[in-house]
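Descriptive analysis of the structure
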Amino acid sequence: YKKWNSMISLLLRKAIFFEGDVADENMTIPLTARFRNSLKNRRFRHHLTKQIIAAKKNVSGHAGQNLNKLYLQLGLDSYAVKLISSEKWHLMAFGIQQLGTMEVKTQLPRVYKHTNHKNELVRVEAQIAVLNLSGFEGLRFLDVITYQISEWQQIKLLKELSLIPHVNLQGIDKWLKSDNPSVVVFALKLARNYHHFELYEDIISCLNHPNSDVRIQAVYTLTDIFTGETSKVLLKVLETEEISNQLTILKAIRKIGDEEDLPTLEAYLPTENLDLKLATIRAMAHIGDKGWDLLYKKPAADTYPLNEMLVQVKKEVGK
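Described below are features of the structure shown in this document. (Residues numbered from 1 in each chain as written. Predicted model: local features only at pLDDT ≥ 70, side-chain atom pairs only at ≥ 80, totals over all residues. Heavy atoms only, no water.)

What to know about the nonpolar core
Counting 103 residues, the largest nonpolar core has F35, L74, L139, L142, L161 and L190 as the members making the most contacts within it. In contact with L142, not counting residues within four places along its chain, are I149, W175, V183, F186 and L190. (Core = buried A, V, L, I, M, F, W, Y, C linked by side-chain atoms within 4.5 Å. Buried < 20%, exposed > 50% of the residue type's maximum accessible area, 1.4 Å probe, protein only. Contact = heavy atoms within 4.5 Å.)

Remarks on helix α11 (residues 181-193)
Look at α11: 18 Å from first C-alpha to last across 13 residues, which is about the 18 Å you get at 1.5 Å a residue. Among the 13 residues of α11, 10 are classified as buried, and the element is accordingly described as predominantly covered. Turning to α11, its buried residues number three or more, namely S182, V183, V184, V185, F186, A187, L188, K189, L190 and A191. Against α9 (151-162), α10 (172-175), α12 (200-205) and α13 (212-224) lie the buried residues of α11. Taken from the residues just after α11, H195 is the one with a positive phi, measuring 55 degrees. (Helix = DSSP H or I, 4+ residues; strand = E, 2+ residues; numbered from the N terminus. Expected span 1.5 Å × (residues − 1).)

What to know about a nonpolar patch on the surface
Taken together, the side chains of W89, L121 and W152 present a nonpolar region at the surface, about 300 Å² in accessible area. Mapped onto the elements, L121 comes out in helix α8 (residues 120-134). (Patch = residues over 30% accessible without salt bridge, like charges linked within 9 Å, V, L, I, M, F, W, Y side chains within 5 Å. Areas by Shrake-Rupley, 256 points an atom, 1.4 Å probe, with all protein chains shown as cover. Salt bridge = Lys/Arg side-chain N within 4 Å of Asp/Glu carboxyl O.)

Observations regarding helix α3 (residues 42-56)
Between the first and last C-alpha of α3 there are 21 Å, a value that for 15 residues agrees with the 21 Å anticipated at 1.5 Å per step. All of the buried residues in α3 are F44, R45, H47, L48, T49, I52, I53, A55 and K56. You can read the cap of α3 off the contacts: a side-chain oxygen lies 2.8 Å from the backbone nitrogen of R43, and it is on N41. (Polar contact = N/O pair within 3.5 Å; in protein donor to acceptor, adjacent residues only side chain to side chain.)

Some words on the packing of aromatic side chains
One pass over the structure, following the stated rule, counts 5 aromatic pairs. Here the aromatic rings of W4 and F44 are separated by 5.4 Å at their centres, their planes lie at 75 degrees, and the arrangement is edge-to-face. Placement of the pair is W4 in helix α1 (residues 2-16) and F44 in helix α3, with a sequence separation of 40 residues. In this pair, the class of W4 matches that of F44, namely buried. When the ring of F35 is compared with that of F44, the centres are 5.4 Å apart and the planes differ by 80 degrees; the resulting orientation is edge-to-face. Take F35 and F44: they sit in the same class, and that class is buried. The structure contains a cluster of three or more aromatic residues connected by ring pairs, namely Y1, W4, F35 and F44. Lying over the aromatic face of Y112, R140 brings its terminal NZ or CZ to 4.4 Å of the ring centre. (Phe/Tyr/Trp six-rings, centres within 6.5 Å; stacked < 30°, edge-to-face > 60°. Lys NZ or Arg CZ within 6 Å of the ring centre and 35° of its normal.)

As structure tokens, then:
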């Protein structure tokens, strides 16, 4: 392995600093006879592939394109294609990861069909690879996937998108109406992250979705994409929501609420649920002096638990 590492390191340095024209399809990086012979060794190829991928993840621009060229020149893409045809999921995932990282766009159709694979890790690698190969356009896999996109997958996808130049993203309105709740949740995150205010009405409709995760994500999104009426819309659904979602709505009101919301909030103060009571007080307090006036005028303002909650919130807001 020491000998292999020495050869590979030397070749990678040559590739990274190679001054040839990467647009020239006939461009090749010089290889020693010893290196060519080593390529016949399966373990050497695997070790080499891992090193090239690691190097590619740490460079960009001309150097990254040189590494892409080297990967193709060595014929490593053909081995990746064979891995994708394997019955072992970890080999499939590794093959897909290679093609995505090394930007082998000719294999996009082959990679794309695995975006709805039954194995979660294969799906994740395929979805990320598609984004690498075709940018935001690659999100079209959201049209067809039937499996749920886990929270972990969504984090991975959003991280990958953050590395890609943003374009005017099409299709979010359709994904907000998907039969797959996780697709709707992800679409709401996309609308929030990329400030798609034109989808406001579609986001509002998600507040009535049968899936709780969709409804709560809609609240998060509306905290960033809102109008003067959004707080009223949220307060209308407050009563019908489960406790955890009610707390999230009240937290949103702290940011986007106004004095017109105070009577509705005041009506929730008598609740026996201490978490809801405290969240309501915080919402009223953040609206301003009028909210504080209403709180201190309550007959129970001097008795437990309202008195202690008022002291706590007063410290929180620095009053």
